[in-house]
Amino acid sequence: MGYDDVLEKANEVVKKIVPQEHVITQILLEGPTVCIYTKSMDLFASGSDIVKQIAQTLHKRVSIRPDPSLLTSPKEAEEKIRQIVPEEAKITDLFFDEEQGEVTIEALSPGYAIGKEGEVQNEIKRKIGWSPKVIRAPPTASKVINEAREYLRMISSERREFLIKLGRKICRDVRGGEQFVRVTALGGFREVGRSCMILSTNESKVLIECGLAMESEDIKLPYLKVPEVLPLEQLDGIIITHAHLDHCGLLPALYKYGYDGPTYCTPPTRDLMALLLLDYIKVSHSEGKKPPFESKHIREMIKRCITLKYGETTDISPDTRLTFQNAGHILGSSIAHFHIGDGFYNIAFTGDMKYERTWLFNAAVNKFPRLESLIIESTYGGYHDIQPSRQDASDALQQIISQVLERHGKVIIPVFAVGRSQEVMLVLENAIRTQRIPPSTIYLDGMIWEATAIHTAYPEFLNSYLRTQIFQMNQNPFLSDLFKRVDSYEMRQKLCDSSEPCIVLATSGMMNAGPVLEYVKAWGRDPNNALVFVGFQAEGTAGRRIQRGLREMVLVDKGNPVKIPLNMEVVTCDGFSGHSDRMQLLNYISSLDPKPEKVIVVHGEDGRCRELASALHKKFGLETMSPQNLETVRVR
Ligand code: ZN
């Protein structure tokens, strides 16, 4: 269906479903969403059933919005809101979303801003036209989220223009002809890092992931200069499954080189990407390297991010529909499911996935409406990649920490800012609260604090147990007094010099750089202390060398290299990985509903990809493949 056909059909359906008394002023396509503008405040305020009906009939995302003539200017609206809402609500922020005609009122005591039976909220609606949405202020302020909101507010008209243009592109006239589905490997095939591939059909082309490989001195880029990718304008969109840099680290560079289309991801992925990409620029500069993009390109990316929650389906091209589902790996991580050509084909990409319920997330989703091919990661897909369970891992961590604290030592845990650090925080908070380890302050150094703030802003993406704990029992473990933020050079020096037994979580996770090295420099000589690994240490990193027995590090002190003997105890607690181990990968495949016919194995070192592919073929009789970079596989 072309653009005009879609609008015509939308008009017809709206006429049929919406009762006559509601005046509809305009129907538009903004990006993948059918937007219905109305002068009827009632329809706009209470139209959720109607929205559902229209969406189901049209098979499109639908949003009912107030006609712009109803809206007071944001400035005036803000004044009125502050007059209407009682002071006790303690408003912390107001956020006008012109795309939706919605104003988010963030308050410390949201009940006062809602009023008895919603009377305060209704009065706001009547006086300003905007639909008020009242939310509890996130318990920890996140700089990244605030800045992203501020920026989107600033560029809202530009963004609307972008969405309208995109809406036309998604509904363009189709070429027709013989249908096919192909996957082209551009990076992260038979290797870990620089994940990137193209999913192409006779009508469309989407890029999935655009990562960097960073384990060695130089970064390695995906093969973007091949004719399948260029020119960038031919891409219908970019899909990012999660915020780790090996999946999105090169994305802003595409905007630098002229791509101006959408990036689809979940809301937490957008914010975590902004955090990690900005940090990547900072770290590059500090190492005297030139990053492949600048912060303005990250803003270009944010401007064109279309965020989808788990389970929300959207058109991304004339023949492709995308749905994200929970992948259990990090906050907002997703499995991308593609439905191609009205029942022609279904293919899903797991991204990085964990098929076990963890302290943070539910296990990866294994049910899909239809599924013919699956592209699966295989970080731990080798014959010997069996890992302890989460419970065993947590017990091992508690045991070593108890021992070190009892002998008045210090514990250094190198972590990535996003993922393992929040999980280890939960384990430690729980262990101290239930007196399984001695009380001790847990210091967080590096970006962990900000990453944790982003976690607290999206409790709906955490596992069901944590959600209950936070929402119903009002016990947010991330807000425990046990956690202290190390936020200045002075504080770090003071902590390094102190004799207090304590636990430090610090970045970087593989010890190639970052504040973790400062603690190793200060505490590495003392055998009472311990260095505890909880995450994967890639080949070529300092972390892997220490795991293998390296007992001396050359670190820079006041500009001079110094040799630090590592006399501290070195322990690895396996089982905290955000990746499925071999058993979990096999269980995942066997539990899939429906069963796919084909499985493409990616994101694992060469042997691991091939070992998992062969096991899946033998065990389940599936057609399996483990292509190399630059190969194209036709799946249908
Ligand atoms: Zn990852």
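To be clear, the structure that these remarks concern was listed above.
Residues numbered from 1 in each chain as written. Predicted model: local features only at pLDDT ≥ 70, side-chain atom pairs only at ≥ 80, totals over all residues. Heavy atoms only, no water.

Q: Sorry, what's going on with the nonpolar core here?
A: Soluble globular proteins tend to bury their nonpolar side chains together. Counting 85 residues, the largest nonpolar core has M273, L397, I413 and L505 as its most contacted members. Ranked by the residues each element gives to this core, the list is headed by helix α11 (residues 267-286), at 8 residues. Not counting residues within four places of it along the chain, the set of residues in contact with L397 comprises I413, V424, V427, L428, V532, V534, C573 and F576. (Core = buried A, V, L, I, M, F, W, Y, C linked by side-chain atoms within 4.5 Å. Buried < 20%, exposed > 50% of the residue type's maximum accessible area, 1.4 Å probe, protein only. Helix = DSSP H or I, 4+ residues; strand = E, 2+ residues; numbered from the N terminus. Contact = heavy atoms within 4.5 Å.)

Q: Mind showing me how you'd approach the packing of helix α4 (residues 74-84) against helix α6 (residues 119-128) here?
A: Two quantities define a packed helix pair, namely the angle between the helix axes and the distance between the axes. Across the interface, α4 lies against α6 with an axial gap of 10 Å and an inter-helix angle of 150°. Put simply, α4 runs roughly antiparallel to α6. The chirality of how α4 crosses α6 is right-handed. Residue-level contacts link A77, K80, I81 and I84 of α4 to V120, E123, I124, K127 and I128 of α6. Considering only residue class, the contact of α4 with α6 consists of 6 nonpolar, no polar and 3 charged. (Axes fitted to C-alpha atoms, helices over the stretch in contact; angles between N-to-C directions. Parallel < 35°, antiparallel > 145°, perpendicular 65-115°, else oblique. Left-handed = near helix turned anticlockwise from the far one by under 90°. Nonpolar A, V, L, I, M, F, W, Y, C, P; charged D, E, K, R; others polar.)

Q: What is the right way to read the sheet that holds strand β2 (residues 33-38) from this model?
A: Within a sheet, adjacent strands bond to each other through the backbone by hydrogen bonds, running parallel or antiparallel. On the basis of which strands lie adjacent, the open sheet formed by 3 strands has the order β1-β2-β3 and mixed pairing. Either end of the sheet is taken by a strand with one partner, and the two such strands are β1 (24-30) and β3 (61-66). With direction set aside, neighbouring strand axes in the sheet form an average angle of 20°. Sheet topology note: the β1/β2 ladder contains 6 bridges and is antiparallel. Bridge pairing in β2 links Q26 to Y37. (Pairing = 2+ DSSP bridges.)

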